[in-house]
Amino acid sequence: MEAERILQCLTEVEEAAEDVLANKQQIVDLDTKRNMNREALNALKHEMASEEKVKVCFGNMFIKFPKAKTKEMIQRDQQQLDKEINNLRQALKDKLNRLNELQGKPELTGYNLSPLSDVEVKAINHLMKR
């Protein structure tokens, strides 16, 4: 009976750890895609400044698109990737806390911090100038 309970606890810990690792890998994959989009935007801005139409790869084929429309599509994709990455990072915090709870470790302190907003930064800068 005791062995079954230990096995169940170890299984839960292992599943939680795999969940954390899968989440981290998803973040890495999306961040790689975001960096590739950033490179594409930079290339559109600098290297292909004189061209009106550019070739865009969709799956197995290249299609000529207007440069402005291509840039807009990439920027929308960037925004979507940013949202997905932020959601995954928030979920990662929850999953990591669950894993620590299962392992009997204390919750990470300072892990749920969020950056200051632009308004808060401006207010602090204003107070520092006095």
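Residues numbered from 1 in each chain as written. Predicted model: local features only at pLDDT ≥ 70, side-chain atom pairs only at ≥ 80, totals over all residues. Heavy atoms only, no water.

- For the protein, the name recorded in an unreviewed UniProt entry is p53 and DNA damage-regulated protein 1, with Oncorhynchus mykiss as its organism.
- The Subcellular location (unreviewed entry) comment attached to the protein in UniProt states, word for word, "Cytoplasm".
- Under Subunit (unreviewed entry), UniProt gives the following word-for-word description of the protein: "Component of the PAQosome complex which is responsible for the biogenesis of several protein complexes and which consists of R2TP complex members RUVBL1, RUVBL2, RPAP3 and PIH1D1, URI complex members PFDN2, PFDN6, PDRG1, UXT and URI1 as well as ASDURF, POLR2E and DNAAF10/WDR92." (UniProt positions renumbered as here; feature names shortened; annotations may be inferred.)

## Topic: the pairing of strand β1 (residues 53–58)
- Relative to strand β2 (residues 61–66), β1 is paired through six bridges, and the arrangement is antiparallel. Bridge pairing in β2 links Lys55 to Lys64.
- Where β1 folds back onto β2 in an antiparallel hairpin, the turn is made up of two residues, including Gly59, whose phi is positive at roughly 70°. (Pairing = 2+ DSSP bridges. Helix = DSSP H or I, 4+ residues; strand = E, 2+ residues; numbered from the N terminus.)

## What to know about helix α3 (residues 118–129)
- Given a rise of 1.5 Å per residue, twelve residues ought to cover 16 Å, and the 17 Å separating the end C-alpha atoms of α3 matches this to within 8%.
- Here α3 lies mainly on the outside; zero of its twelve residues are buried. (Expected span 1.5 Å × (residues − 1). Buried < 20%, exposed > 50% of the residue type's maximum accessible area, 1.4 Å probe, protein only.)

## Quick notes on the packing of aromatic side chains
- A full pass over the atoms with the stated rule returns one aromatic pair.
- With a centroid separation of 5.6 Å and an interplanar angle of 80°, the aromatic rings of Phe58 and Phe65 are classed as edge-to-face.
- With relative accessibility at 35%, the residue Phe58 sits in the partly exposed group. (Phe/Tyr/Trp six-rings, centres within 6.5 Å; stacked < 30°, edge-to-face > 60°.)

## Examining the pattern of salt bridges
- Applying the stated criterion to the full structure yields six salt bridges.
- Note that Lys95 and Asp19 form a salt bridge whose closest N and O atoms lie 3.9 Å from each other. Linking Lys95 in helix α2 (residues 67–103) with Asp19 in helix α1 (residues 2–46), this pair joins segments that are 76 residues apart in sequence.
- Overall, the relative accessible area of 27% leaves Lys95 in the partly exposed class.
- Here Glu101 makes a salt bridge to Arg98, at a shortest N to O gap of 3.9 Å. In this pair, Glu101 and Arg98 are both assigned in helix α2, three residues apart and thus about one turn of the helix distant.
- Overlapping salt bridges, with partners in common, bring together Asp31, Arg34 and Asp82 in one network. (Salt bridge = Lys/Arg side-chain N within 4 Å of Asp/Glu carboxyl O.)

## Some points on the side chain of Asn37
- Along the chain, the position of Asn37 falls in helix α1.
- In this structure the side chain of Asn37 is engaged in a polar contact, spanning 2.8 Å, whose partner is the side chain of Asp77.
- At 3.3 Å, the side chain of Asn37 and the side chain of Gln78 are in polar contact.
- Aside from chain neighbours lying at most four places away, what touches Asn37 is Ile74, Asp77, Gln78 and Leu81. (Polar contact = N/O pair within 3.5 Å; in protein donor to acceptor, adjacent residues only side chain to side chain. Contact = heavy atoms within 4.5 Å.)

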